[in-house]
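Each chain, letter by letter, is given below.
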There are 2 protein chains.
Amino acid sequence: MKHGGDILSYKDLYKGEIIDFSSNINPMGRPKGLDIELKRAFNDLEKYPDIKYRNLKKEVSGYLKCDTENIVLGNGSMEIIDSIMVFKDKVTLFYPSFGEYEDRARIHNKKKIKLSLDENFKIEIDKLKNNLEEDSLLIIGNPNNPTGLRIEKEKLLLIYNIALSKNSILVLDEAFFEFSPTDYDSIELFRNYNFENVVIIRAATKFFALPGIRLGYACTSKILAEKLTERQMPWSINSMADTAGKYIFNQQNYINESKEYIANERMYMIDELEKINEIQAFPTQANFILIKLKKFNGEYLLKELIQQGILIRTCTSFLGLDDSFIRVAIKSREDNHRLIEALKSILERE
Amino acid sequence: MKHGGDILSYKDLYKGEIIDFSSNINPMGRPKGLDIELKRAFNDLEKYPDIKYRNLKKEVSGYLKCDTENIVLGNGSMEIIDSIMVFKDKVTLFYPSFGEYEDRARIHNKKKIKLSLDENFKIEIDKLKNNLEEDSLLIIGNPNNPTGLRIEKEKLLLIYNIALSKNSILVLDEAFFEFSPTDYDSIELFRNYNFENVVIIRAATKFFALPGIRLGYACTSKILAEKLTERQMPWSINSMADTAGKYIFNQQNYINESKEYIANERMYMIDELEKINEIQAFPTQANFILIKLKKFNGEYLLKELIQQGILIRTCTSFLGLDDSFIRVAIKSREDNHRLIEALKSILERE
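Residues numbered from 1 in each chain as written. Chains lettered and ligands numbered in written order. Predicted model: local features only at pLDDT ≥ 70, side-chain atom pairs only at ≥ 80, totals over all residues. Heavy atoms only, no water.

1. Focus on the environment of B:F177
Residue and element names in this part refer to chain B.
So, point 1. Inspection of the secondary structure assignment puts F177 in the loop between β6 (169-173) and α7 (186-191).
So, point 2. C-alpha of F177 to C-alpha of R202: the two residues are 25 residues apart in sequence and 7.2 Å apart in space.
So, point 3. Apart from residues lying up to four places away in sequence, F177 is in contact with P143, R150, Y184, D185 and R202. (Helix = DSSP H or I, 4+ residues; strand = E, 2+ residues; numbered from the N terminus. Contact = heavy atoms within 4.5 Å.)

Next comes the structure, spelled out in structure tokens:
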């Protein structure tokens, strides 16, 4: 399984609605009222989107609290990750992490330097210092996928300074930012540095539950933002995504409730998972949980769970993880409860 | 003006709805019933689109009459034009033509070979033969933008054979295909060659009046289709475009009526424009008309017409054309009449 969310490949194995724990989407669903906005914008489908996305950029810059000149938009965060590849000939990444970092580096013929996280899935500063080559892109998930861990603020600044000292660009993939504790905001942090040689990528995909709409955005220095924007394909964001972007960032109640919901449900899930002796659930600051199986393996569990209408993410496609790992999303209480019970029923079998 | 359809840049110059003759969209508007399909698919926004776009590919292959393995999908035809750039280090194009061919070649650091069309905006076979280098991409609009001319069938085969003999790939941008006379279909033509070294690009953008939805597709050899697809970003087509694609190609009445409407309206427009002595309207097989001004210039006319709520396309951004050219779309009879009258009122002034 290379990506989560590929329900279509499993639908023949279960009659009925499959609960998708393999893709990490806000269980509250898309913001209320969005459908009305989208319907209203159907006529806009007959026009090209604004080639400069002026209004959308204004909304994003308001939400991220930086200038419009710092903003880069993308057809999902993928387009931004992809277009950043042109800046350097080397890509450094830690593993396990989102497979597309390596895929995009391969497709763009970059030299790849892959460093393992430590046994607690943390970045070792000395390892980075010793292995980061001059003129690299250093791509890090924050929180990281599939581990769920966020870099501590002080450590992040250390990492940034190492990147700067090697004339490298720090790329933070923060697709899961809003699910994390609010101890710091990397955009606030790097504003003090004018975002020099740092690109912070976020997206509507996960937190606003809109993977189908393809809207990513990044905050970076004005120089890098201009370079990225001038290389982009015209009209790469469709007008429905444009419309959604002008609406969702103003839904403060939805934003607050979602954060609170995930924080509570994360505690519940971790508590419940810790009661199952046959697994080890890792700490997480995201809306998903990496689990190590002490019994059976991911492939077996996937097949058993799909028969109960539950799809999980196996982890063998992640470099550094084997089939003893699975990843599950945090979903509604009802769904989470169903997962826990299903896991117990399978794992506690003789 | 680098692209048509940029109404936002002109809206301060006219209070009221601007009639946009600068972008070449089917005046019948999007297919009826599409809105209902899109509304029904709002829940899909919370899922990733099928990463392989299996159903969409089936619909496109049915519409284009080729195998699904021949199909490449794109976030508009732009994504396909962009991704083709990796195949060769040289790009040959004729001018005037769509500015993005050259832009994408520049962005991908390709060697550009730019050949002028003749005084009637036709391709000279000898010029192509003498100038096409080995291992090139040869990109041709068919019909070509902004000239509106389609290559005759026999000539197209000549061009194709020249491309083959130089180990080059012929890329036909057929964004305006359905507006053209039905004398031949390049997909039918090149099916006999298994689409070897030819890529025929089309899109929902112009004919289905959906520039906002970003849905392009191409037909090529199975080898090239696989190479292009494996390089693509995951989920580059959003789920609204996915849904639209599953609907529009089956709207046979809409398709027939649109073709008939444009054919009639094209005749009307050419007839009326020929009555204006101060301009020369070029023959066209598309849904737009290139016009040479014998009086005033494009910039002046643009300013005069915008005061009457009409936006035209100036042509100075097209290599080979100067400010004595403008391009206008074929729109509804009412709008076309308004344009004709406005042109007369300005051009026949003392």
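2. Describing the relation of the copies chain A and chain B
So, point 1. For these two chains of identical sequence, chain A goes onto chain B by a turn of 180° and a shift of 0.0 Å along the axis, with RMSD 0.0 Å. Here the transformation between the copies is reduced to the relation of a two-fold axis.
So, point 2. Both copies share a contact surface, since 100% of the interface residues of chain A are interface residues in chain B too. (Least-squares fit on C-alpha atoms with pLDDT ≥ 70 in both.)

3. A closer look at helix α11 (residues 298-306) of chain A
So, point 1. A:G298, A:L301, A:L302, A:E304, A:L305 and A:I306 are the residues of α11(A) that are buried.
So, point 2. Sitting at the amino-terminal end of α11(A) is A:N297, which places a side-chain oxygen 3.3 Å from the backbone nitrogen of A:E299. (Buried < 20%, exposed > 50% of the residue type's maximum accessible area, 1.4 Å probe, protein only. Polar contact = N/O pair within 3.5 Å; in protein donor to acceptor, adjacent residues only side chain to side chain.)

4. Quick notes on the packing of aromatic side chains
All names here are of chain A.
So, point 1. In total, this model carries 38 aromatic pairs over all chains according to the counting rule given.
So, point 2. Taking 5.9 Å as the distance between ring centres and 65° as the angle between the ring planes, the aromatic pair formed by Y63 and F208 counts as edge-to-face. Here Y63, found in helix α2 (residues 54-64), pairs with F208, found in the loop between β7 (198-203) and β8 (216-220); they are 145 residues apart in sequence, far enough to count as distant.
So, point 3. We classify Y63 as buried; its relative accessible area is 19%.
So, point 4. Aromatic pair Y160 and Y193: ring centres 5.1 Å apart, planes at 80°, arrangement edge-to-face. Linking Y160 in helix α6 (residues 153-165) with Y193 in the loop between α7 (186-191) and β7, this pair joins segments that are 33 residues apart in sequence.
So, point 5. According to the relative accessible area criterion, Y160 is buried, its value standing at 0%.
So, point 6. The class for Y193 is partly exposed, based on a relative accessible area of 32%.
So, point 7. Taken together, the ring pairs connect Y63, F176, F179, F207, F208, Y217, F249, Y254 and F288 into an aromatic cluster.
So, point 8. The side chain of R150 reaches across the aromatic face of Y184, ending 3.9 Å from its centre.
So, point 9. Seen from the ring of F288, R327 lies directly overhead, with NZ or CZ sitting 5.6 Å from the centre. (Phe/Tyr/Trp six-rings, centres within 6.5 Å; stacked < 30°, edge-to-face > 60°. Lys NZ or Arg CZ within 6 Å of the ring centre and 35° of its normal.)

5. Structural notes on the side chain of A:R30
So, point 1. When you line up the elements, A:R30 lands in the loop between β1 (19-20) and α1 (34-40).
So, point 2. Residue classification places A:R30 among the buried residues on the basis of a relative accessible area of 12%.
So, point 3. Within the structure, A:R30 has its side chain in polar contact with the side chain of B:E46 (distance 2.8 Å).
So, point 4. Among residues more than four places away in sequence, those in contact with A:R30 are A:D35, A:F208, A:A209, A:L210, A:Y254, B:F42, B:N43 and B:E46.

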